[in-house]
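# Structure assessment
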Amino acid sequence: MIKKEMIAMLLAGGQGSRLGVLTTRMAKPAVPFGGRYRIIDFPLSNCINSGIDTVGVLTQYQPLRLNTHIGIGIPWDLDRNIGGVTILPPFERNIHSEWYTGTANAIYQNIEYMESYHPEYVLILSGDHIYKMDYEVMLDFHRQNNAAVTIAAMPVPLEEAKRFGIVITDENRRITEFEEKPEEPHGNLASMGIYIFTWEVLKEALIANENQPNLDFGKHVIPYCHDRGERLYAYEYSSYWKDVGTLYSYWQANMELIDIVPEFNLYEEYWKIYTKCETLPPQYLSKESYAESSIIGEGSEIYGKVYNSVIGCDVRIGAGTVVRDSIIMNSTEVGKSCELNKVIVAENVRIGDGVVMGAGEEKENETDPEIYNHGLVTVAEHSLIPDGLRVGKNTVLGGKFDAADFPEGELSSGRTFIKAGERR
C-alpha cells in the first residue's frame, strides 16, 4: 500500500484576469517572473525544499503553457515512480461533467487521487504567490498543537484587511474566529491561502459540503470546521510573501528583486528556486552597453543601456536604447534608439526603432483603470510595434501593428488598443 505522510495540492487553475493581457493565453501561475522563472516555480520549489515529493497540480484555465513547463517535474526532482508531480485537470465523470467551481470544489473533485496515497496530512497551496516557506516547520506546528486545520497567516495593514480572510486567535494561536473578507475586520492577521489539514477532517468537510455552490475554503470549509469545534490554529509567517495578482503588484515584486539588499533573495544557496531551463548561450553585453541594478537572463544581447530592470532570456536590446524600471520577458526584441520607462513587455514581442514608451502625463486608463494603472505600459505577447511610435502612461497594446494603425504616430496616455482577435 502506498502511504505518504503529507501530500500537497497546488491550485494553479486561476485565470488571473487582474493581470490583463499577460494572462490572455496562459494561466497566472505560468506568467514569467524574475527573468528566468515562472510564478509556479516558487511553490513547487518550496515543496521539494521542504521534503514533499507528492504534488497534485490542479489546472483549468489555459493550461497548455503551464503543463508544458511542469512536464514530468524533472527540474524540481518530482519525476518519481511513486508520488512526484501529477497534473489534475477537470475531467468527465459518469454522472455529470463539471469545471472546478471553487478552490475547495477543485480539491473535492480529486478525493480519489488524495485517497490513493493514504496521507495523514494534506497541504493546500496557491500557485500564484511569491515566497519561500519550509512547510515541514508548519507541519511540526500542526502536530505539536494536535490541530485539525492549520492556516498560515501574516499581519497586514488594517486598512487592507478586508481583502483577506482574517483569523482571530487566543494567546496560544488557536483560532477563535474566522472572517472571510469582512467589511469591518476585528483584526489584521490575514490568511495566506496555505492550509494543512488532517486528512480525515478535510475529507469529511469536503463531502459534507459537496453541494455548496462554488465550494470555497474561506467561505465554506474553514467555517464548517470551526463550527464543528475542530482545533484550528494560525501559523504566523513573518518573511517575504507577495500575491502578484495585479499588474502593479507583479511589477513591484519584480522590482524588489533588484534592490541593493533584496528582501526576497533569488541567490540563496540553501533554498534554491528551480525551473525548467532552456539550452541558451551566455548573455552578451557589448562595449557600448551599460547595465545597472538589473537582472539579465541567459542568451540575451544588450547593446543599449538598462537601469533597474528585469530582462528575461533570449532578449535583444538595440544600440542607443534606454530601458528603465521595466520588465522585458523572454524572446523579445527591442529596436535601436528606443526609450522604455515602467513598461511590462510580454514574451515574443518585436518593438521597432525609435519607439518611446511611458511618455507624457499620467491619465486614467479608458477601459480598465483597475488593471492598467500606476503609470505602467503593458504590451501583450506576440505584438509587433512599429518604428517611431510614442506611447503614453497607463496604456495597453496588443496585436501586430503597423504605422497606419497610428496616423499621428502616438498612443496617448490612458488609451487601450487591442487588435481584433486579441483579448484584454
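Quick summary incoming for the structure in this document. (Residues numbered from 1 in each chain as written. Predicted model: local features only at pLDDT ≥ 70, side-chain atom pairs only at ≥ 80, totals over all residues. Heavy atoms only, no water.)

### Section: the overall build of the protein chain
- Along the protein chain, the regular secondary structure elements total eight helices and 33 strands.
- The C-alpha atoms of the protein chain give 23 Å as radius of gyration, which agrees with the globular expectation for 424 residues (22 Å, within 12%).
- Expressed as lengths along the three principal axes of its C-alpha atoms, the size of the protein chain is roughly 65 × 50 × 45 Å.
- Among the 424 residues that make up the protein chain, the fraction classed as buried is 55%.
- Long-range pairs, those at least 24 residues apart, make up 58% of the contacts in the protein chain with a sequence separation of at least 6. (Helix = DSSP H or I, 4+ residues; strand = E, 2+ residues; numbered from the N terminus. Rg over C-alpha atoms; globule rule 2.2 N^0.38 Å. Buried < 20%, exposed > 50% of the residue type's maximum accessible area, 1.4 Å probe, protein only. Contact = heavy atoms within 4.5 Å.)

### Quick look at the nonpolar core
- By size, the foremost hydrophobic cluster in this structure holds 77 residues, and its most contacted members are Met133, Tyr135, Ile194 and Tyr250.
- Here this core gets five residues from one element, more than from any other, and that element is helix α8 (residues 247-256).
- In this view, Met133 contacts Asn46, Ser50, Met138, Ala152, Met192, Ile194, Tyr235, Tyr237 and Trp271; residues no more than four positions away in its chain are not counted. (Core = buried A, V, L, I, M, F, W, Y, C linked by side-chain atoms within 4.5 Å.)

### Let's talk about helix α5 (residues 135-144)
- Tyr135, Met138, Leu139, Phe141 and His142 are the residues of α5 that are buried. Down the axis of α5, the buried side of the element spans an arc of 155°, and every buried residue falls inside it. (Arc of directions from axis to C-beta.)

### Regarding unusual backbone geometry
- Phi at Asp77 takes a positive value of approximately 60°, unusual for a residue other than glycine.
- Within the element layout of this structure, Asp77 appears in the loop between α2 (64-70) and β5 (84-87).
- One non-glycine residue, His374, adopts positive backbone phi at about 55°.
- Locating His374 in the fold gives a position in the loop between β27 (356-359) and β28 (377-379).

### Some points on the packing of aromatic side chains
- Applying the stated criterion to the full structure yields 17 aromatic pairs.
- Note on Tyr113 and Tyr117: the rings are 5.4 Å apart at their centroids and 75° apart in plane angle, and the pair reads as edge-to-face. Here Tyr113 and Tyr117 have matching classes, each one buried.
- An angle of 35° between the planes, with centres 5.3 Å apart, marks the rings of Tyr195 and Phe217 as tilted. Placement of Tyr195 in strand β11 (residues 189-198) and of Phe217 in helix α7 (residues 217-227) is noted, with a sequence separation of 22 residues between them.
- Through a chain of ring-to-ring contacts, the aromatic side chains of Phe33, Tyr37, Phe42, Tyr240, Tyr250 and Phe264 assemble into a single cluster. (Phe/Tyr/Trp six-rings, centres within 6.5 Å; stacked < 30°, edge-to-face > 60°.)

### With respect to the side chain of His69
- Within the secondary structure layout, His69 lies in helix α2.
- The class of His69 is buried, set by a relative accessible area of 7%.
- Setting aside anything within four residues of it in sequence, one finds His69 in contact with Arg38, Ile40, Asp41, Trp76, Thr275 and Lys276.

### What about the pattern of salt bridges?
- Per the stated rule, a full pass over the model turns up 24 salt bridges.
- Across the pair Asp140 and Arg143 runs a salt bridge, and its minimum N-O distance is 2.6 Å. Taken as a pair, Asp140 and Arg143 lie in helix α5 at a separation of three residues, close to a single helical turn.
- Owing to a relative accessible area of 30%, Asp140 belongs among the partly exposed residues under this scheme.
- One network of salt bridges, with partners in common, ties together Arg25, Arg38, Arg65, Glu347 and Glu381. (Salt bridge = Lys/Arg side-chain N within 4 Å of Asp/Glu carboxyl O.)

### Section: the pairing of β11
- Burial runs high along β11: nine of the 10 residues are buried.
- Relative to β11, strand β6 (residues 121-126) runs antiparallel, the two sharing four bridges. Among the inter-strand pairings, Tyr121 is bridged to a residue of β11, identified as Thr198. (Pairing = 2+ DSSP bridges.)

### Considerations on the packing of helix α6 (residues 199-208) against α7
- As a packed pair, α6 and α7 sit with axes 10 Å apart at the nearest point and diverge in direction by 120°. In this view, α6 runs oblique relative to α7, as classed from their interaxial angle. Considering the relative orientation of α6 and α7, their crossing is right-handed. In this structure, α6 uses Val201, Leu202, Glu204, Ala205, Leu206 and Ala208 to contact α7, whose residues at the interface are Phe217, Val221, Tyr224 and Cys225.
- Here the residues of the contact of α6 with α7 sort into nine nonpolar, no polar and one charged. (Axes fitted to C-alpha atoms, helices over the stretch in contact; angles between N-to-C directions. Parallel < 35°, antiparallel > 145°, perpendicular 65-115°, else oblique. Left-handed = near helix turned anticlockwise from the far one by under 90°. Nonpolar A, V, L, I, M, F, W, Y, C, P; charged D, E, K, R; others polar.)

### Some details on the side chain of Arg38
- On the secondary structure map, Arg38 appears in strand β3 (residues 37-38).
- The class for Arg38 is buried, based on a relative accessible area of 13%.
- For Arg38, the contacting residues outside a window of four places in its chain are Met26, Pro29, Ala30, Val31, Pro32, Phe33, His69, Thr275, Asn330 and Glu347.

### Remarks on the sheet that holds strand β29 (residues 384-385)
- The six strands lie next to each other as β14-β17-β20-β23-β26-β29, forming an open sheet whose pairing is parallel. Among the strands making up the open sheet, the edge pair consists of β14 (284-285) and β29.
- Pairing analysis gives two bridges linking strand β17 (residues 301-302) to strand β20 (residues 316-317), with the strands arranged parallel. The residue bridging Glu301 from the neighbouring strand is Arg316, located in β20.

### Considerations on the sheet that holds strand β21 (residues 322-324)
- As summarised here, the arrangement of the seven strands in space is β15-β18-β21-β24-β27-β30-β32, forming an open sheet in which the pairing is parallel. Each edge of the sheet is formed by a strand with only one pairing partner; in this case those strands are β15 (290-292) and β32 (410-411).
- Inspection of the sheet shows strand β18 (residues 305-307) paired to β21 by three bridges, in the parallel sense. The residue bridging Val306 from the neighbouring strand is Val323, located in β21.

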